[in-house]
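Chain by chain, the residues:
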Amino acid sequence: MVVAGASVASFVFAQELHAADQPVAYFHSWARFWELGIGGFLALALPWFRLPGAVRPLLGWAGLGLVVSSGFLLDGGALFPGAWALWPVGGALLVLLGSGGSAGWGPRGLLQLAPLRFVADISYALYLWHWPLLIAYLHHTGLERVDAVGAAAILSTSVLLSWLTTKLVADPAQRFREAFGGVRALVAAAVCVSLVAGGAVAGVRLLERQDAQLLAEAEAVAEAVGDDDGASDYPGALALDPRHTDPVPDVAVQPAAAVAAQDRPAVDDDGCIQDNHETPGADAPLLCTLSDAPDPRRVVVMVGDSHTIQWAPAMTEIGADEGWRVLLLARRGCRLQVPPAGEQADLTDMCWSWRANAMKLLRQLRPDAVMVVGTRTSTIAPGDKVNPAETRAWKRLDRAGIRVVTLRDNPRFEFDMPACVEEHPDGTGCTRPRADAFSPVNPVRQAEGAPRSAAHLDLTPHICGPVLCKGVVGNVLVYRDDDHMTATYATTLAEPLHAALRARAGWLFRDRPQTPQTPPLQTHP
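Conventions used here
- Residues numbered from 1 in each chain as written.
- Predicted model: local features only at pLDDT ≥ 70, side-chain atom pairs only at ≥ 80, totals over all residues.
- Heavy atoms only, no water.
- Helix = DSSP H or I, 4+ residues; strand = E, 2+ residues; numbered from the N terminus.
- Buried < 20%, exposed > 50% of the residue type's maximum accessible area, 1.4 Å probe, protein only.
- Lys, Arg positive; Asp, Glu negative; His and termini not counted.
- Salt bridge = Lys/Arg side-chain N within 4 Å of Asp/Glu carboxyl O.
- Contact = heavy atoms within 4.5 Å.
- Disulfide = S-S within 2.5 Å.
- Patch = residues over 30% accessible without salt bridge, like charges linked within 9 Å, V, L, I, M, F, W, Y side chains within 5 Å.
- Areas by Shrake-Rupley, 256 points an atom, 1.4 Å probe, with all protein chains shown as cover.
- Pairing = 2+ DSSP bridges.
- Axes fitted to C-alpha atoms, helices over the stretch in contact; angles between N-to-C directions.

Trainee: What exactly am I supposed to notice about the side chain of arginine 355 here?
Mentor: When you line up the elements, arginine 355 lands in helix 14 (residues 350-365). Comment: no salt bridge for buried arginine 355; closest opposite-charge side chain is aspartate 349, at 6.1 Å. Ignoring anything within four residues of it in the chain, the contact list for arginine 355 reads Gly333, Cys334, Arg335, Leu336 and Gln337.

Below is the structure:
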């Protein structure tokens with residue numbers, strides 16, 4: 001009863017967490033417990049099952065069909081551990097229920113073949129080995145999906161290591177337990193687990209300390225940007241400025257590739273950036289405060305997805321310099337959009353309901369400018385494009401008296417940039433032709449429906465060279481993955497972004513005739 005109750009509780013939890021955050025549920029031990037618990041329950045209850053001999057082969061073949069077909073028909077990475085996981089788990093249970101029969105036409109003969117018995121013998125070790133090898137391969141190659149050659153290499157290596165693990169570790173441990181049993185076996189197991197766990201914890205702590213040191217070095221570089229003494233070794237985006245004539249020294253790239261994924265804007269840790277989850281209340285927009293002043297000269301709200309968030313370090317610095325209140329209204333995977341005229345947005349989709357609520361909040365705030373990323377680059381097709389649903393949103397803001405500032409998107413790559421730079425420190429191969437990533441002319445300038453009052457900023461010359469978009473510029477690693485800038489590099493963009501705002505959005509720098517009454521803000525934190 002305990003095993004059955006725990007399995008049911010785990011299954012219910014798995015469905016709730018799967019609906020809220022599938023990637024987390026996929027690796028959550030409690031969300032996975034039911035898959036093992038059901039098998040444990042069946043093992044305990046099997047002696048009480050009395051199935052007719054003629055039925056057992058049918059159950060066995062049906063179960064085997066479910067297990068095999070699940071590998072071809074289901075995307076486990078996206079569907080598990082949700083209800084679809086009942087397909088292979090249920091198949092395994094049917095195979096167990098169908099075992100033990102005397103009928104000669106059941107799957108027993110097939111499953112007793114030497115190759116399948118070999119796989120069964122090493123199955124647990126294979127389960128342990130295949131995943132870290134897969135992740136290591138993807139990290140080393142920078143690929144998002146494993147190719148045929150990589151799959152063959154991973155499979156063969158996994159089988160070899162699993163066989164060695166079974167022969168040198170699992171089988172001796174089993175023989176030790178059978179020979180000695182009792183307290184000595186329990187003590188030996190506890191000692192082994194303690195040694196492995198202790199070593200793992202010590203290793204993780206060491207890696208954490210190393211990562212913290214590397215991130216501290218990157219933060220020191222970001223803080224030194226703009227200082228005559230500190231930024232000379234790491235000019236970042238300033239190295240692409242024609243006025244920058246100083247030679248870029250040969251020093252280690254910052255941030256280090258090993259910690260680039262963690263080099264995110266500080267606001268990422270404030271709890272005010274929403275993930276694209278379908279959970280109750282997730283469509284209520286939250287405001288992050290990037291910079292503020294007792295009597296702000298201007299109010300600027302940055303709105304959008306992760307490609308907007310990445311500009312937060314630069315806008316934080318500009319806001320502090322200008323005495324602006326700079327706010328961030330962000331939900332990952334959701335850009336500000338409005339459906340076509342005559343159509344209603346699907347408000348059951350949290351992203352669309354968040355957009356509707358964000359538009360209401362912006363009309364209430366009436367900021368001096370709303371800043372968005374105006375184009376979208378791609379790795380599928382050359383050039384960048386503008387989504388008509390986004391220009392409709394800008395038009396609606398314009399009609400409400402709110403001016404829009406657009407930023408051209410940065411390039412995207414077909415590989416993980418930190419992994420590429422780690423493998424090729426000189427940056428060889430870690431590039432993309434600028435003409436492939438971007439259209440000849442910023443498409444937002446010709447976009448149908450874009451309001452004339454909008455200011456369009458193109459910082460591409462400060463991200464890419466004239467010919468290539470590189471992974472390292474001015475000794476600073478530009479990207480933390482395949483399409484997001486590191487916070488360190490974004491900080492080096494503050495000066496060119498400031499200049500672009502002055503040139504294209506001059507109204508933000510003119511003195512107001514009078515200070516309007518800004519509605520009270522419910523910001524977070």
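Trainee: Is there a simple way to explain the state of the cysteines in this structure?
Mentor: Under the criterion given, the structure shown has four disulfides. In this model cysteine 334 forms its disulfide with cysteine 351; the gap between the sulfur atoms is 1.8 Å. A residue pair is termed long-range when its members are at least 10 positions apart, and cysteine 334 in the loop between strand 3 (325-330) and helix 14 and cysteine 351 in helix 14 qualify at 17 residues. Cysteine 334 sits in the buried class, given a relative accessible area of 0%. Ordinal numbering of bonded cysteines along the chain defines a disulfide pattern of 1-2, 3-4, 5-6, 7-8.

Trainee: Where do I start with unusual backbone geometry in this structure?
Mentor: One can expect most non-glycine residues to show negative phi and most peptide bonds to be in trans. Residues phenylalanine 80 and proline 81 are joined by a peptide bond in cis, for which omega reads 5 degrees. With respect to the helices and strands, the residue proline 81 is situated in the loop between helix 5 (76-79) and helix 6 (86-97). At arginine 366, a residue that is not glycine, the phi angle is positive and equals roughly 50 degrees. Take arginine 366: it is sitting in the loop between helix 14 and strand 4 (369-373). Of note, the phi angle at asparagine 475 is positive, near 65 degrees, even though the residue is not glycine. Secondary-structure assignment places asparagine 475 in the loop between strand 9 (472-473) and strand 10 (476-477).

Trainee: Can you walk me through a nonpolar patch on the surface in this structure?
Mentor: Residues Leu58, Trp61, Trp105, Leu110, Leu111, Leu113 and Leu116 make up a contiguous nonpolar surface patch of about 650 Å² in total accessible area. Among the secondary structure elements, those contributing two or more residues to the nonpolar patch are helix 4 (55-73) and helix 7 (108-111). Secondary-structure assignment places leucine 113 in the loop between helix 7 and helix 8 (114-121). Since its relative accessible area comes to 44%, leucine 113 is described here as partly exposed.

Trainee: What is the right way to look at the pattern of salt bridges in this model?
Mentor: Any two side chains of opposite charge can pair, given that their charged atoms come close. Inspection of the entire model under this criterion finds 17 salt bridges. Measuring nitrogen to oxygen at the nearest pair gives 2.9 Å for the salt bridge that ties aspartate 268 to arginine 332. Residue aspartate 268 is located in the loop between helix 11 (182-224) and strand 1 (288-291), and its partner arginine 332 is located in the loop between strand 3 and helix 14; the two are separated by 64 residues in the primary sequence. For arginine 332, a relative accessible area of 23% puts it in the partly exposed group. One salt bridge connects glutamate 322 with arginine 502, and the closest N-O pair in it is separated by 3.0 Å. One end of the pair, glutamate 322, is in helix 13 (residues 312-322); the other, arginine 502, is in helix 19 (residues 494-504), and 180 residues separate them in sequence. Take glutamate 322: its relative accessible area is 10%, and that puts it in the buried class. A network of salt bridges, in which partner residues are shared, links Asp305, Arg335, Glu390, Asp409, Arg412 and Asp483.

Trainee: Looking at this structure, how should I read the sheet that holds strand 7 (residues 455-457)?
Mentor: Strands belonging to one sheet form pairs held by backbone hydrogen bonds; the direction of such a pair is parallel or antiparallel. Strand order across the open sheet formed by six strands is 1-3-2-4-5-7, with mixed pairing between neighbours. Taken across any chain shown, the strands that pair with only one partner, and hence form the sheet edges, are strand 1 and strand 7. Along the sheet, successive strands turn relative to each other by an average axial angle of 25 degrees, direction set aside. Examined bridge by bridge, strand 4 and strand 5 (residues 404-407) share four bridges and lie parallel to one another. Bridge pairing in strand 5 places valine 372 opposite threonine 406.

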